[in-house]
There are 2 protein chains.
Amino acid sequence: MMAGMSDESVSTRPPGETPRLATPADASAVAQLLFDFNHEFDVASPPVAVLEERLVALLNTEVAFAVVAAANPTAVALITLRPSVWYPGPVATLDEMYVVPALRGHGVGSKVLTAAVEECRVRNVGSIEINVDESDTDALRFYRRHDFFDVDPSTDEKAFYLFQDLV
Amino acid sequence: MMAGMSDESVSTRPPGETPRLATPADASAVAQLLFDFNHEFDVASPPVAVLEERLVALLNTEVAFAVVAAANPTAVALITLRPSVWYPGPVATLDEMYVVPALRGHGVGSKVLTAAVEECRVRNVGSIEINVDESDTDALRFYRRHDFFDVDPSTDEKAFYLFQDLV
C-alpha cells in the first residue's frame, strides 16, 4: 500500500495513511498491535482486553500518547512521559514501536516515528529515550538514522539499560 | 560517620541517618547534591536554583519522589514515574543516585536504594529502570548486587539506552 512513496512529506498522503494521534477510540486496535508485537517476538503479553483497558486510561491522560498510521492502524508508536529535573519539560520514552509485517520496508515506521518526535516537541519534551536490544541491529540502525544516539557525545560511551521487575 | 555499621537493618539507625522520603523542604539540599554530582563527573548542569525550583514542583506531585539519607541529606535517590501498558501500575526510573564522596563505601547508597525500591513497591510500581554507562563497572556491580538485571533473562541479551535531546 505504501510502495512507491519516496518523498518524506506526509501532507500528500491520503488522509487514511497520514500519521495521526491516537484517541481512546483507537485503544482496541492499538492493543491488538501491541499484542501482535509481543507474539511476533515470543514475549509474554497481558491479554488484549487488559492492554485495551490500560490504553484507554493512558490515552486519556497528558502523560502518554500514541501515533498511528492509517485509519485502521497498521503501525503504532507509544510514548509515555515522566517529569525531569534536567529539562524544563518532561522526558519521553518510546515504549513501543510496531509496524505490521506486510507494510515494513515502505517508510511507514519512519513517518510514524517522525510524527511522534514532532509531537514530543509540541509537548516541550526535553529528551526522548529508547531501549534497544544489543542484537537488534536493524532497530539500532533505524533509530540512529532518526538522530537517536547510542553513544553519548559528552562521554563518548554507550549506556546499558538495567531493570528490576517488582511484579 | 557511617563507619563500623555493618548490619543491613535501617531500624537501628539514629533518626538522622535513616533513609527517608524527601519533602519539598529538602529541594534546596537535594538540588545542591545533584549539582555536585554533575560537577564531580564534569557534566553540564542547570544552576542549583533552577534544579531547586524543578524539585519543589516534582516533589509536590505523585509521579516523582526522592529518598535521602540524614537530616541534612548526604545521599539521594531521585525516582520518576511514568504510566505503563505492561503493568497495572507505573514504571519507575532511577534518574539519579548520589552519595557525597566522604560517605562512600559505608553502605549509605545501599540503604537509600533499598528504601527507594521499597517505596516503589508501596506505589505499585511494575518495574524499575536504570541507565548506566558501559564503563561504570562499579555502578553496574552495585546495581546487579541489588537485583537489577543488565541481561534480560527472557532474551539472554543486554539492551542499550538510546536518546535524542530536543532542547
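Conventions we followed
- Residues numbered from 1 in each chain as written.
- Chains lettered and ligands numbered in written order.
- Predicted model: local features only at pLDDT ≥ 70, side-chain atom pairs only at ≥ 80, totals over all residues.
- Helix = DSSP H or I, 4+ residues; strand = E, 2+ residues; numbered from the N terminus.
- Buried ≥ 20, exposed ≤ 12 C-beta atoms within 10 Å, placed from the backbone.
- Contact = placed C-beta atoms within 7 Å.
- pLDDT = per-residue confidence, 0-100.
- Core = buried A, V, L, I, M, F, W, Y, C linked by C-beta atoms within 7 Å.
- Nonpolar A, V, L, I, M, F, W, Y, C, P; charged D, E, K, R; others polar.
- Expected span 1.5 Å × (residues − 1).
- Axes fitted to C-alpha atoms, helices over the stretch in contact; angles between N-to-C directions.
- Parallel < 35°, antiparallel > 145°, perpendicular 65-115°, else oblique.
- Left-handed = near helix turned anticlockwise from the far one by under 90°.
- Least-squares fit on C-alpha atoms with pLDDT ≥ 70 in both.
- Pairing = 2+ DSSP bridges.

A.B. asks: What exactly am I supposed to notice about the overall build of chain A here?
C.D. replies: Assigned secondary structure in chain A consists of four helices and seven strands. When the elements of chain A are put in sequence order from the N terminus, they spell out β-α-α-β-β-β-α-β-α-β-β. Expressed as a percentage of the 167 residues in chain A, the buried residues total 38%. Long-range contacts, defined here as pairs at least 24 residues apart, represent 61% of the contacts in chain A between residues at least 6 apart.

A.B. asks: What should I look at first to understand the confidence of the model for chain A in this one?
C.D. replies: Detailed reading of the predicted coordinates is not advisable wherever pLDDT falls low. Residue and element names in this part refer to chain A. When pLDDT is averaged along chain A, the result is 89; 90% of the residues meet or exceed 70. Low confidence marks residues 1–16, where pLDDT is under 50. Its contacts with residues over four positions away, or in another chain, come to 15 contacts. Reported confidence for the predicted complex is 0.88 by ipTM and 0.88 by pTM.

A.B. asks: Please clarify how the nonpolar core should be interpreted in this entry.
C.D. replies: Note on soluble globular proteins: their nonpolar side chains tend to be buried together. Membership of the largest hydrophobic core comes to 91 residues, with the highest contact counts inside it found for Val30 and Ala77 of chain A together with Val30 and Ala77 of chain B. The contact partners of Val30 of chain A, leaving out residues within four places of it in the chain, are Ala22, Leu55, Ala66, Val68, Pro73 and Val76 of chain A.

A.B. asks: Help me understand the interface of chain B and chain A, please; the structure alone is not making it clear to me.
C.D. replies: Often, the extent of an interface is quoted as the loss of accessible area on bringing the components together. Chain B puts 51 residues into the contact, and the matching count from chain A is 51 residues. Contributing elements (two or more residues each) for the side of chain B that touches chain A: helix 2 (48–59), strand 3 (75–82), helix 3 (108–122), strand 5 (127–133) and strand 7 (157–165) of chain B. At nine residues, the largest contribution of residues to the side of chain B that touches chain A is made by strand 7 of chain B. A per-class count over the side of chain B that touches chain A returns 29 nonpolar, eleven polar and eleven charged.

A.B. asks: So what exactly am I meant to see when it comes to helix 2 of chain B here?
C.D. replies: Residues spaced three or four apart along an α-helix point in a common direction, a consequence of the helix completing one turn every 3.6 residues. All names here are of chain B. For helix 2, with twelve residues, the first-to-last C-alpha span of 16 Å sits near the 16 Å given by 1.5 Å per residue. For helix 2, every residue scored as buried is listed here: Leu51, Glu52, Arg54, Leu55 and Leu58. On its buried face, helix 2 sits against helix 1 (27–40) and strand 2 (64–69).

A.B. asks: Hey, could you run me through the packing of helix 1 of chain B against helix 2 of chain B in this one?
C.D. replies: Two measures define how a pair of helices packs: the angle their axes make with one another and the distance between the axes. Residue and element names in this part refer to chain B. With their axes 8 Å apart at the nearest point, helix 1 and helix 2 run at an angle of 125° to one another. On the basis of the axis angle, helix 1 is oblique to helix 2. Regarding helix 1 and helix 2, the two cross each other, and that crossing is right-handed. Where helix 1 approaches helix 2, its residues Ala27, Ser28, Val30, Ala31, Gln32, Leu34 and Phe35 are matched on the opposing element by Val48, Leu51, Glu52, Leu55, Val56 and Leu59.

A.B. asks: I would appreciate a short explanation of the relation of the copies chain B and chain A in the present structure.
C.D. replies: The second copy of the chain is related to the first by a rotation about an axis and a shift along the axis. Once chain B has been moved 0.0 Å along the axis and rotated by 180°, it coincides with chain A to within an RMSD of 0.0 Å. Look at the turn and shift together and you get a two-fold axis relating the two. Comparing interface residues between copies, 100% of those in chain B also sit at the interface in chain A, which points to an isologous, same-surface contact.

A.B. asks: For this particular structure, what's the right way to read unusual backbone geometry?
C.D. replies: A negative phi holds for most residues other than glycine; trans holds for most peptide bonds. For Ala70 of chain A, which is not a glycine, the phi torsion comes out positive at approximately 80°. Positionally, Ala70 of chain A belongs in the loop between strand 2 (64–69) and strand 3 (75–82). The phi torsion at Asp147 of chain B lies on the positive side, around 70°, for a residue other than glycine. Within the secondary structure, Asp147 of chain B is located in the loop between helix 4 (137–145) and strand 6 (151–152).

A.B. asks: Honestly, the pairing of strand 2 of chain A in this entry has me stumped. Any pointers?
C.D. replies: Remark: a regular strand shows side chains that alternate across the two faces of the sheet. Residue and element names in this part refer to chain A. Counting buried positions along strand 2 gives six out of six residues, so the element sits mostly inside the fold. Of the two faces of strand 2, both are covered, the one formed by Ala64, Ala66 and Val68 as well as the one formed by Phe65, Val67 and Ala69. Relative to strand 2, strand 1 (residues 20–21) runs antiparallel, the two sharing two bridges. Note on strand 2: the bridge partner recorded for Arg20 is Val68. As paired elements, strand 2 and strand 3 share six bridges and run antiparallel to each other.

A.B. asks: In this structure, what is going on with the environment of His146 of chain A? I would like to understand it.
C.D. replies: The topology assignment puts His146 of chain A in the loop between helix 4 (137–145) and strand 6 (151–152). Of the residues examined, His146 of chain A has 17 C-beta atoms within 10 Å and is grouped as partly exposed.

A.B. asks: What's the story with the environment of Lys158 of chain B in this structure? I'm lost.
C.D. replies: Following the sequence through the fold, Lys158 of chain B ends up in strand 7. Here the alpha-carbon distance between Lys158 of chain B and Ala75 of chain B, two residues 83 residues apart in the chain, equals 29 Å. Leave out the neighbours within four places in its chain, and Lys158 of chain B touches Glu134 and Phe160 of chain A together with Asp150 and Val151 of chain B.

A.B. asks: For this particular structure, what's the right way to read helix 3 (residues 108–122) of chain A?
C.D. replies: Residue and element names in this part refer to chain A. Taking 1.5 Å as the rise per residue, helix 3 with 15 residues should run 21 Å; its terminal C-alpha atoms sit 21 Å apart, in good agreement. If you follow the buried residues of helix 3, they end up packed against strand 2, strand 3, strand 4 (91–99), strand 5 (127–133) and helix 4. Following helix 3 by one or two positions, Asn124 has its phi on the positive side, about 65°.

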